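Structure at a glance
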Amino acid sequence: MLDRIEFLLSEAIISLRRNRGMTFASIVASALALVIVGGFTLTYVGLSKYVNEQVSKFEMKVFARQDATPDQVTNLGNQIKKLEGVNGVSFKSKAEVWAEWKKEEPAITAGLELDNPMPDTYTVTFKNLEKVNEVKGLVSNMPEVAPNDGVQLSGEVQDFLQEVMASLRWLGLALGIVTLITGGILIYNTIRLTMNSRRKELRIMELVGAAKSTVRIPLLIEGITHGVLGALCATLILWIGHGVILKVMSGIPFSKVAPFPLFATMFSLALAGAIYGYICSNLAIRENPKEATPR
Amino acid sequence: MAQEPYISLRKVEVSYNDYVAGLRGVSLNVEKGEFVFLCGQTGSGKSTIIRLLSSQIKPTKGEVILNNRPLSQVTPEEIPELRRQIGIVPQDFGLLPNKKVWENVGYAMRAIGRTKAEVRDQVPTILERVNILQRADAYPTELSGGEQQRVAIARALINNPPLLLADEPTGNLDPAHSDEIINILLELNAQGTTIVVATHDVNQVERAGKRVIMMNAGLVDEEIDATGTHREPAFVPEMSTPEETSSNPLNVLIAEPLSQPTVNPTETATEPPHA
């Protein structure tokens, strides 16, 4: 068994050495494809994690109409609680809000003692930021809510983050597909070149009755090696890139960059690269010229 | 009950396309232990028979039976196993130039799953059988044509096959080396191996004194047995009318492909042929 493994591996190594230029090109192309896919995935995951961390901090203020009765205000709170995506609702009466404001802004509130302009206020927190706009729209249309600016979000940055994430997802997908196809074609061509440069050996194997697996396995190993080496290069590039970003961001206050998941990235990309290399080389091996086949 | 022939071709036709035919209805039998020359000019169909027997191609019509088994029943997965029962000697030797003589034979053995120890044990014996052991450490480029062909024969013997197919084994050799190769094949035949040789070298065939099947334009033209007796071919296709002859494109050009078609060894099923 070991003898056979040794033979198959030595055949694969010969193949890898035979077309060094093409091998190098296909490893670089695989690395590039995996850098793009891996880079976008890491950025997306990091950003997604950040956005989710912000969910608990994100709030929406809902102001009741000045003329709303206490029952209507209570009813408003109950309706908001029932909406999908809402995590919790807390209530502050207009007197409580006024008291807080007076404490925070004594200069502005001086002289307004008799006429409390503040409305009854609900503070809404969310389970899922994607539901914010939907909830905002529904609450704005409730009759107990103050007609103008009755609903206020604590920050529009969340919308921006959501948009960035959606863009990243599509851009990563599009670029990833293009580079994966390019890399795949290169691996495919490299395997075809190997088959061409090793046609004498392959022909001998055919003539003496070598098992199909003996012919195929070294070529599959070659394709998998391209993918895995490309993945390792991609991990290195991403690691270096992450270090650079970390250095740049360290100068920006309140910025936060998650640590680089080296082993998880390396393992995931290596697995992806191996599958990718296997598929590409398998396609190359299956491609069968049909010259002069008897009918 | 009469014993079935070891090899039997029954009304076999091979057409590569509308205009190129390899065989047009060949029937012939070869007994176990026989030595048969398939003789004819380029395009006569002799190499097509070699390819059929080694399952490199399949017939368009008719049946090829080897050792009581119709080759049409052999699945692509079974072809490697079938090839291990057959030694194939290609016309161009097919040696690896960067490997020494013993490595060429050893490589083929390793490809069929033999261990390094088996290679070490068996290669000298195999090289000895074809009288090339003394050049075991030479590279193919350092060998004469006859010596290279002996290495190719040695490689074909690694499975100790009961059948040896040789496609123009003397095609690239001078008369002295041709004699040497034929003598080796005769010796192997004397040891019990059935041998089928495709050749266009009529002089060589006459000197060997074995059964000869003369091929012409995809048909068996004539048979001469080992005693020199001429026999009618086993199957003669029905005569065509002049109109049929002119309308049948197969009659316009009867040839084997001149080029060596590309073969993908990973798809051994019905792929065409090496020259």
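Since the model is a prediction, treat every value here as computed from it, not as a measurement.

Some details on the overall build of chain A
Counting its regular elements, chain A contains ten helices and four strands. Counting helices and strands in the order they occur from the N terminus, chain A gives α-α-β-α-β-α-α-β-α-β-α-α-α-α. Residue burial in chain A is summarised as follows: out of 295 residues, 41% are buried. Of all intrachain contacts in chain A linking residues separated by at least 6 positions in sequence, the fraction that spans at least 24 positions is 85%. Roughly 16500 Å² of accessible area belongs to chain A as shown, and the carbon and sulfur atoms make up 65% of that amount.

Quick look at the confidence of the model for chain B
The share of residues in chain B with pLDDT of 70 or more is 83%, and the mean pLDDT across the chain is 82. Segment residues 238-275 of chain B is flagged for pLDDT under 50; beyond a separation of four residues in sequence, or across chains, it makes 111 contacts in the model.

Comments concerning the sheet that holds strand E9 (residues 211-216) of chain B
All names here are of chain B. Strand order in this open sheet of seven strands is E6-E7-E8-E3-E9-E10-E11, and the pairing throughout is mixed. Each edge of the sheet is formed by a strand with only one pairing partner; in this case those strands are strand E6 (86-89) and strand E11 (230-231). Here strand E10 (residues 219-224) pairs with E11 via two bridges, running antiparallel. Of the residues in E11, the one forming a bridge with Glu223 is Arg231. Strands E6 and strand E7 (163-167) of the sheet are contacted by helix H5 (residues 145-156), whose axis makes an angle of about 160° with E6.

As for the pattern of salt bridges
The final tally for this structure, using the stated rule, is 19 salt bridges over all chains. For Lys116 of chain B, the salt bridge goes to Glu6 of chain A, with nearest N and O atoms at 2.9 Å. Of this pair, Lys116 of chain B sits in helix H4 (residues 116-129) while Glu6 of chain A sits in helix H1 (residues 2-18), each in a different chain. Exposure remark for Lys116 of chain B: the relative accessible area of 35% places this residue in the partly exposed category. Glu4 of chain B is paired through a salt bridge with Arg10 of chain B; the nearest N and O atoms lie 3.6 Å apart. The class for Arg10 of chain B is partly exposed, based on a relative accessible area of 40%. Residues participating in the shared-partner salt-bridge network are Glu11, Arg198 and Glu201 of chain A.

Topic: the pairing of strand E8 (residues 194-199) of chain B
All names here are of chain B. Within E8, six of the six residues are buried, which leaves the element mostly enclosed by the surrounding structure. Side chains Thr194, Val196 and Ala198 project from E8 onto one buried face, and the interleaved Ile195, Val197 and Thr199 project onto a second face that is buried too. Note: strand E3 (residues 35-39) against E8, five bridges, orientation parallel. Counted as the bridge partner of Leu38 is Ala198 from E8. With five bridges connecting them, E7 and E8 associate as parallel partners. Note that in E8 the partner of Leu164 across the bridge is Ile195. A crossover connection joins E7 to the parallel E8 through helix H6 (residues 175-190); in handedness this β-α-β unit is right-handed.

A short note on the pairing of strand E1 (residues 59-63) of chain A
Residues and elements named next belong to chain A. Pairing of E1 with strand E3 (residues 121-126) involves five bridges; the strand directions are antiparallel. By the bridge assignment, Glu59 is partnered in E3 with Thr125. Examined bridge by bridge, E1 and strand E4 (residues 151-153) share three bridges and lie antiparallel to one another. Paired with Met60 across the bridge in E4 is Leu153.

Considering the packing of helix H8 (residues 199-208) of chain A against helix H3 (residues 101-111) of chain B
In the contact formed by H8 of chain A and H3 of chain B, the axes pass within 9 Å of each other and the chain directions differ by 65°. The hand of the H8 of chain A/H3 of chain B crossing is right-handed. Each of Glu201, Ile204, Met205 and Val208 of chain A in H8 of chain A lies in contact with H3 of chain B, whose residues at this interface are Tyr107, Ala108 and Ala111 of chain B. Split by residue class, the contact of H8 of chain A with H3 of chain B holds six nonpolar, no polar and one charged.

Observations concerning the environment of Gly87 of chain B
Residue and element names in this part refer to chain B. When you line up the elements, Gly87 lands in strand E6. Placed 76 residues apart in sequence, Gly87 and Leu163 show a C-alpha to C-alpha distance of 6.2 Å. When sequence neighbours within four positions are dropped, the list of residues in contact with Gly87 reads Ala156, Pro161, Leu163, Leu164 and Leu165.

Looking at the packing of aromatic side chains
All names here are of chain A. Taken as a whole and judged by the stated rule, the model has three aromatic pairs over all chains. With centroids separated by 5.0 Å and ring planes inclined at 50°, the aromatic side chains of Phe91 and Tyr122 adopt a geometry described as tilted. Taken together, the residues span a long stretch of sequence, with Phe91 in strand E2 (residues 86-92) and Tyr122 in strand E3 at a distance of 31 residues. Residue class for Phe91 comes out partly exposed when judged on its relative accessible area of 41%.

Some details on the sheet that holds E4 of chain A
All names here are of chain A. Across the sheet, which stays open at both edges, the four strands sit in the order E2-E3-E1-E4 with antiparallel pairing between neighbours. One side of each edge strand has no neighbouring strand; the edge strands of this open sheet are E2 and E4. The mean inter-strand angle of the sheet, taken between neighbouring strand axes irrespective of direction, is 20°. Sitting on the sheet, helix H6 (residues 132-140) touches E1, E2, E3 and E4, and the angle it makes with E4 is about 160°.

Some remarks on unusual backbone geometry
A positive phi angle, close to 50°, is found at Asn160 of chain B, a residue other than glycine. For Asn160 of chain B, a relative accessible area of 54% translates into the label exposed.

Description of H3 of chain B
Across the eleven residues that make up H3 of chain B, a large majority, nine, are buried. Summarising the contacts, the buried residues of H3 of chain B are in contact with H1, H8 and helix H9 (212-249) of chain A together with H4 and H5 of chain B. Directly beyond the C-terminal end of H3 of chain B, a positive phi value near 95° is found at Gly113 of chain B.

The rules behind these values
Per chain, residue numbering runs from 1 following the sequence as it is written. As a convention, the first chain written is A and the first ligand written is 1, with the rest following in written order. Whole-chain, interface and lining totals are the exception, using all residues; otherwise, since this is a predicted model, local features are given only for residues with pLDDT of at least 70 and side-chain atom pairs are given and counted only at 80 or more. Note that water and hydrogens are dropped before the side-chain values are worked out from all heavy atoms of the structure. Secondary structure elements follow DSSP: runs of H or I of four or more residues count as helices, runs of E of two or more count as strands, with numbering from the N terminus. Remark: exposure states derive from per-residue accessible area (1.4 Å probe, protein chains only) relative to the maximum for the residue type, with buried under 20%, exposed over 50%, and partly exposed in between. Throughout, a residue-residue contact means that at least one pair of heavy atoms, one from each residue, lies within 4.5 Å. Note on areas: Shrake-Rupley with a 1.4 Å probe; residue coverage comes only from the protein chains shown. Within a predicted model, pLDDT stands for the predictor's per-residue confidence, ranging from 0 to 100. The pairing criterion for strands is at least two bridges between them, as found by DSSP. An axis is simply a line fitted to the C-alpha atoms; with a helix, the fit covers only the stretch in contact. Between two such axes, the angle follows the N-to-C directions and lies from 0 to 180 degrees. Each reported salt bridge corresponds to a side-chain nitrogen of Lys or Arg within 4 Å of a carboxyl oxygen of Asp or Glu. Classification remark: right-handed applies to a crossover when, strands pointing away from the viewer, the course from the first strand over the helix to the second runs clockwise. Crossings are classed by handedness, with left-handed meaning an anticlockwise turn of the near helix from the far one by less than a right angle and right-handed meaning a clockwise turn. Under the convention adopted here, Pro, Cys and the residues Ala, Val, Leu, Ile, Met, Phe, Trp and Tyr are nonpolar, Asp, Glu, Lys and Arg are charged, and Gly plus all remaining residues are polar. Any Phe, Tyr or Trp ring, taking Trp's six-membered ring, that has another such ring centre within 6.5 Å forms a pair; planes under 30 degrees apart are called stacked, those over 60 apart edge-to-face, and the others tilted.

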